[in-house]
Amino acid sequence: MFYSLVFSISKVALAALLDARHHSPSLNHLGDSMASKKKQQDTAGMTQEGRFYSAERLHAMHDMMLYIRRFEEKAGQMYGLKKIGGFCHLCNGQEAVCVGMDEAAEPTDYMLTSYRDHGHILARGTDGVAVMAELLGREGGVVGGKGGSMHMFDKSKNFAGGNGIVGEQVPIGTGFAFASKYRDDKRVSITIMGDGGVNQGAVYESFNMAALWKLPVVFVIENNQYAMGTSLSRASAETHLYKRGISFKVPGIQVDGMDVLEVERKMTEALEHARSGQGPIIVEMMTYRYRGHSMSDPATYRTRDEVDEWRSGRDPIVRLQKQMVEAGLATEAEFKQKDKDIKKEVVAVAKAAEAQSEPELSKLWDDILTDEIPNAYPYPRQVG
Amino acid sequence: MAKITYREALNQAMCQEMERDDRVFLMGEEVAEYNGAYKVSQGMLDKFGPRRVIDTPITELGFAGLGVGAAMAGLRPIIEFMTWNFAVLAADQIVNAAAKMKYMTGGQYDCPMVFRGAGGAAARVSSQHSQAFENWYANIPGLKVVMPSNPADAKGLLAASIRDNDTVIFIENEINYGDIGEVPEGEYIIPLGKADIKRVGKDVTLIAHSRMTGYALLAAEELAKQGIDVEVVDPRTIRPLDEATILASVAKTNRAVVIEEGWRFAGIGAEISARIMEKGFDDLDAPVARVTGKDVPMPYAANLEQYALPSVAEIVEAARVVCNRA
Ligand SMILES: Cc1ncc(C[n+]2csc(CCOP(=O)(O)OP(=O)(O)O)c2C)c(N)n1
Ligand SMILES: [Mg+2]
């Protein structure tokens with residue numbers, strides 16, 4: 001008891017530090033002053049596997065997961081109303097991966113994702129209105145409406161996510177790690193791929209280079225059990241994906257991706273490994289997407305029982321709520337109220353995004369080249 | 001004749017050829033249990049079993065190369081790319097291996113296979129998923145490039161491509177998959193290298209392939225109302241190109257517009273208009289015009305996307321210009 005108290009207090013400082021640099025969603029009800037925050041932390045919190053989490057921090061993680069969940073539901077609705085077009089990949093069920101991972105990361109760490117990117121960019125702290133505006137193809141979208149659901153990027157948050165070609169971001173993420181090592185600036189590249197993406201050849205080329213040159217990269221595999229309609233075992237000879245680095249001497253760990261605290265803890269270790277110069281590491285997050293691959297996928301290749309088992313048995317938000325209630329850090333009524341607030345917030349976000357205009361037509365010609373050459377064909381900014 | 005969709009027509013061609021020849025198999029992402037990402041291979045796993053209809057991991061370079069090897073070893077693979085955007089990963093096997101294998105081996109090895117899938121712009125899927133690549137492959141000796149614009153052509157051209165003893169790049173169009181048209185029942189083959197006149201007219205020739213053929217036909221209707229009688233030529237096979245049909249049409253109309261969804265620079269329209277200039281110069285009463293996609297990566301926003309793509313209105317306008325009616 002005594003020891004754990006001492007331990008917790010030393011962790012409080014760290015937690016406060018992490019909180020200070022951590023961005024909460026643009027929810028106004030989350031904003032407390034630092035002073036009162038610290039006071040609370042001295043008394044309230046929860047320890048899991050020897051790691052202390054302040055009540056404040058737990059609430060922030062919970063709220064962000066719930067925010068992502070409600071945001072994705074809203075996006076699904078907007079798609080149904082044909083306000084969002086093209087491909088739209090939701091991450092319902094995978095929120096603990098997004099939030100736990102970002103919680104462990106430094107804001108200066110790079111993050112690269114596939115097209116299943118809404119949750120990650122929101123967890124990273126990008127304004128929800130800008131993300132929703134991107135989904136709607138509006139001028140205030142994160143990339144000005146040019147990318148849509150699949151191409152979320154926010155350089156100010158070191159988020160180079162949003163890559164639409166399966167596996168594409170893996171060598172690119174390795175390149176960010178190369179730049180870190182080159183400059184010796186201790187930034188880690190968090191390079192995320194799916195259980196389907198992990199089979200691309202370039203992934204193994206990347207593992208080898210990263211190990212060979214001891215690059216600071218954490219290769220995160222979001223193993224949500226399916227790549228479109230193909231289950232893991234129908235596409236992978238070795239289904240323990242954390243072992244995929246063995247022949248390149250890249251260590252790997254498997255993480256319960258439905259437990260935000262475990263994600264945070266294991267990711268912290270992995271980041272430390274990469275940051276300390278020991279080279280790359282693979283983190284396999286065991287998770288599940290509740291929805292189809294994209295909005296057009298009815299997901300008939302899975303049984304209802306299987307989906308229910310994850311959805312009602314292992315849901316990351318329900319799980320954290322239970323833990324927090326048991327630890328006396330919140331009540332069910334509070335969570336209900338919180339959910340109402342967040343739903344309201346998301347409605348407001350969608351409204352604000354929808355109120356924006358489409359990009360001006362002249363934007364079509366922006367951002368193709370940096371150094372346009374005016375007097376040679378094809379001429380910049382014109383037809384023919 | 002039955003009325004079926006473009007995707008059903010493709011399905012019929014594959015089934016017909018697989019029934020006929022045990023060496024033919026279909027491999028690609030989601031082609032078997034999911035019945036195809038765009039349902040082109042609907043029912044084929046049930047019909048032919050997992051030996052011949054094979055789901056792959058997401059490893060385009062790997063299974064494209066596997067197809068090349070299988071073809072060299074005597075099979076006749078149909079390798080499906082979910083879309084041609086992803087074939088960029090497999091370009092090495094297509095360009096450096098399949099296209100050159102016969103030549104490099106002094107004729108010892110053939111590469112009789114079809115690489116097929118959806119090309120061109122889909123709807124609202126942004127830069128990485130909306131691209132026309134026919135000009136890339138059309139530039140390469142050793143490849144044939146085929147692009148059907150309607151259900152009947154889809155069936156006849158795919159069957160011919162599967163029977164062809166060379167590597168065929170077969171580019172479909174996602175937006176056309178649901179189009180319905182009359183398609184001959186039973187065995188149906190359209191020889192490669194033959195263009196088709198989709199509409200007969202005397203004032204101007206519109207040359208358009210794939211989805212743009214439909215746009216050209218719509219433009220022709222509009223132009224008819226304005227008193228311009230349009231001929232629409234669909235090359236169907238991009239490489240090798242049936243230039244005789246195109247030149248004969250231009251000899252009749254003396255005016256031509258080439259239309260393509262892809263980018264103008266070094267595009268298919270550049271090749272076709274150069275041939276018209278080289279071989280039909282004396283027939284021309286006006287410079288050949290081109291209508292193409294704008295020279296930008298495809299944006300997502302609805303208004304920008306529409307602006308980036310060629311439109312029927314732009315085709316009408318270009319035709320009026322070459323007819324001195326603008
Ligand atoms: C190179 C390439 N091939 C195919 C696709 C089409 N595609 C998009 S997502 C996907 C499945 C990827 O599954 P996984 O890596 O498990 O990620 P998840 O969608 O489950 O997050 C496929 C095949 C693509 N975008 N890029
Ligand atoms: Mg997956």
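Keep in mind the model is a prediction, meaning the values are calculated, not measured.

Trainee: Break down the interface of chain B and chain A for me, citing the residues and quoting the values.
Mentor: At the interface, 34 residues of chain B touch 43 residues of chain A. Taken over both partners, the interface formed by chain B and chain A buries close to 3300 Å², and the fraction arising from carbon and sulfur atoms is 63%. Considering only the side of chain B, the residues that lose the most area to chain A are Ile 58, Gln 128 and Tyr 300 of chain B, jointly responsible for 20% of the buried surface there. In this structure, the connection of chain B to chain A is made through two salt bridges. For Glu 33 of chain B, the salt bridge identified is with Arg 234 of chain A, shortest N-O distance 3.3 Å. Our count for the chain B to chain A interface comes out at 15 residue pairs in polar contact (both at pLDDT 80 or more). Top element by residues in the side of chain B that touches chain A is helix H11 (residues 302–308) of chain B. It accounts for five residues. When its residues are assigned to classes, the side of chain B that touches chain A shows 20 nonpolar, five polar and nine charged.

Trainee: Before we move on, could you go through the coordination of the magnesium ion (ligand 2) and cite the residues and values that matter?
Mentor: All names here are of chain A. Looking at the magnesium ion (ligand 2), one finds its protein donor set to be Asp 195 (OD), Asn 224 (OD1) and Tyr 226 (O), positioned 2.0 to 2.1 Å from the metal centre. All donor residues of the magnesium ion (ligand 2) come from one chain, and their arrangement in sequence is D-x28-N-x1-Y. A relative accessible area of 5% means that Asn 224 is categorised as buried. Classification of Tyr 226 by relative accessible area gives buried; the value is 9%.

Trainee: Account for the nonpolar core, naming residues and giving values.
Mentor: Leu 58, Met 101, Ile 190, Val 218, Met 267 and Met 285 of chain A are the most contacted members of the largest nonpolar core, which has 64 residues in total. Those residues within four positions of Ile 190 of chain A in sequence are excluded, and the remaining contacts are Met 101, Ala 105, Asp 109, Tyr 110, Met 111, Leu 112, Val 218, Val 220, Met 267 and Leu 271 of chain A. Listed in part, the 42 residues of the second largest apolar core include Trp 84, Ala 138, Ile 238 and Ala 256 of chain B.

Trainee: Residues and numbers for the layout of surface pockets, please.
Mentor: Residues and elements named next belong to chain B. The volume enclosed by the second largest pocket comes to roughly 510 Å³. A per-class count over the lining of the second largest pocket returns eight nonpolar, eight polar and six charged. Residue-level mapping places the lining of the second largest pocket at the junction of two domains, with at least three residues from each of domain 1 (2–183) and domain 2 (196–322).

Trainee: Tell me about the sheet that holds strand E6 (residues 143–146) of chain B, and please be specific about residues and values.
Mentor: Residues and elements named next belong to chain B. The seven strands lie next to each other as E3-E2-E4-E5-E7-E6-E12, forming an open sheet whose pairing is mixed. The outermost strands of the open sheet, each flanked by one partner alone, are strand E3 (53–55) and strand E12 (237–239). Put simply, the sheet's adjacent strands are angled 20 degrees from each other on average, direction ignored. In this sheet, E12 lies alongside E6 in antiparallel orientation, the contact comprising two bridges. The partner of Val 146 across the bridge, within E12, is Thr 237. This element, helix H3 (residues 60–72), spans strand E2 (24–28), strand E4 (76–83) and strand E5 (113–119) of the sheet and lies at about 165 degrees to E4.

Trainee: Could you give an account of the side chain of Asp 195 of chain A, with specific residues and numbers?
Mentor: All names here are of chain A. Residue placement: Asp 195 occurs in the loop between strand E4 (189–194) and helix H8 (201–212). The buried charged residue Asp 195 lacks any salt bridge partner; its closest oppositely charged side chain belongs to Arg 289, at an N-O distance of 7.3 Å. Polar contacts involving the side chain of Asp 195 include one to the main-chain amide nitrogen of Asn 224, which spans 3.4 Å. Excluding residues that lie within four positions of it along the chain, Asp 195 makes contacts with Ile 221, Glu 222, Asn 223, Asn 224, Gln 225, Tyr 226, Ala 227, Leu 232, Ser 236 and Leu 241.

Trainee: Any details on the packing of helix H3 (residues 55–80) of chain A against helix H12 (residues 316–326) of chain A? Residues and values, ideally.
Mentor: Residue and element names in this part refer to chain A. For the pair H3 and H12, the least separation of the axes is 10 Å and the interaxial angle reads 155 degrees. Comparing the axis directions of H3 and H12 gives the class roughly antiparallel. You can see that H3 and H12 cross each other, and the crossing is left-handed. Contact residues: Leu 58, His 59, Met 61, His 62, Met 65, Leu 66 and Arg 69 in H3; Pro 316, Ile 317, Leu 320, Gln 321 and Met 324 in H12. A per-class count over the contact of H3 with H12 returns eight nonpolar, three polar and one charged.

Trainee: Can you tell me about the pattern of salt bridges, naming the residues and giving the values?
Mentor: A complete count under the given rule lists 49 salt bridges over all chains for this structure. Here Arg 124 of chain A makes a salt bridge to Asp 102 of chain A, at a shortest N to O gap of 2.7 Å. Of this pair, Arg 124 of chain A sits in the loop between helix H5 (118–123) and helix H6 (128–136) while Asp 102 of chain A sits in helix H4 (residues 95–104), and the two are 22 residues apart along the sequence. With a shortest N-O distance of 3.2 Å, Arg 163 of chain B and Glu 187 of chain B are connected by a salt bridge. Here Arg 163 of chain B, found in helix H7 (residues 151–163), pairs with Glu 187 of chain B, found in the loop between strand E8 (180–183) and strand E9 (196–199); they are 24 residues apart in sequence, far enough to count as distant. Judged by its relative accessible area of 25%, Arg 163 of chain B falls in the partly exposed class.

Trainee: Hey, could you go over the domain arrangement of chain B for me, with residue numbers and the actual values?
Mentor: Residues and elements named next belong to chain B. Considered domain by domain, chain B is made up of domain 1 (2–183) and domain 2 (196–322). Of note, the centres of domain 1 and domain 2, computed from C-alpha atoms alone, are 26 Å apart. Contact residues are listed per partner, giving 32 residues for domain 1 and 26 residues for domain 2. Taken over both partners, the interface formed by domain 1 and domain 2 buries close to 2200 Å², and the fraction arising from carbon and sulfur atoms is 50%. Taken as a group, Arg 124, Met 147 and Ser 149 account for 27% of the area that domain 1 buries against domain 2, more than any other trio of residues on that side. Along the contact surface separating domain 1 from domain 2 lie two salt bridges. As a salt-bridge pair, Arg 236 and Asp 153 come within 3.1 Å of each other at their nearest N and O atoms. The interface formed by domain 1 and domain 2 holds 15 residue pairs in polar contact (both at pLDDT 80 or more) in total. Put simply, the parts of the chain that give the side of domain 1 that touches domain 2 at least two residues each are helix H6 (134–138), E6 and H7.

Trainee: Any details on the site of ligand 1? Residues and values, ideally.
Mentor: If you check the shell around ligand 1, you find 22 residues, and the closest are Tyr 115, Arg 116, Gly 196 and Gly 197 of chain A together with Glu 60 of chain B. Of the chains in the model, those with residues near ligand 1 are chains A and B. Residue Gly 164 of chain A places a main-chain N or O atom 3.0 Å away from a nitrogen atom belonging to ligand 1. At a separation of 2.8 Å, an oxygen atom of ligand 1 approaches a polar backbone atom of Gly 196 of chain A. Relative to its unbound accessible area of 590 Å², ligand 1 is 97% covered by the protein chains. The class makeup of the residues in the shell around ligand 1 is ten nonpolar, eight polar and four charged.

How each quantity is defined
Residues numbered from 1 in each chain as written. Chains lettered and ligands numbered in written order. Predicted model: local features only at pLDDT ≥ 70, side-chain atom pairs only at ≥ 80, totals over all residues. Heavy atoms only, no water. Contact = heavy atoms within 4.5 Å. Buried area = accessible area lost by both parts, 1.4 Å probe. Salt bridge = Lys/Arg side-chain N within 4 Å of Asp/Glu carboxyl O. Polar contact = N/O pair within 3.5 Å; in protein donor to acceptor, adjacent residues only side chain to side chain. Helix = DSSP H or I, 4+ residues; strand = E, 2+ residues; numbered from the N terminus. Nonpolar A, V, L, I, M, F, W, Y, C, P; charged D, E, K, R; others polar. Donors = N, O, S within 2.8 Å, 3.2 Å for Na, K, Ca; no water. Buried < 20%, exposed > 50% of the residue type's maximum accessible area, 1.4 Å probe, protein only. Core = buried A, V, L, I, M, F, W, Y, C linked by side-chain atoms within 4.5 Å. 1 Å grid on protein atoms, 1.4 Å probe; cavity = no way out; pocket = protein on both sides within 12 Å on 5 of 7 lines; lining within 4 Å. Points joined across faces, edges and corners; volume = space filled by probe spheres on them. Domains from an automatic or database assignment. Pairing = 2+ DSSP bridges. Axes fitted to C-alpha atoms, helices over the stretch in contact; angles between N-to-C directions. Lys, Arg positive; Asp, Glu negative; His and termini not counted. Parallel < 35°, antiparallel > 145°, perpendicular 65-115°, else oblique. Left-handed = near helix turned anticlockwise from the far one by under 90°. Near = heavy atom within 4 Å. Areas by Shrake-Rupley, 256 points an atom, 1.4 Å probe, with all protein chains shown as cover.

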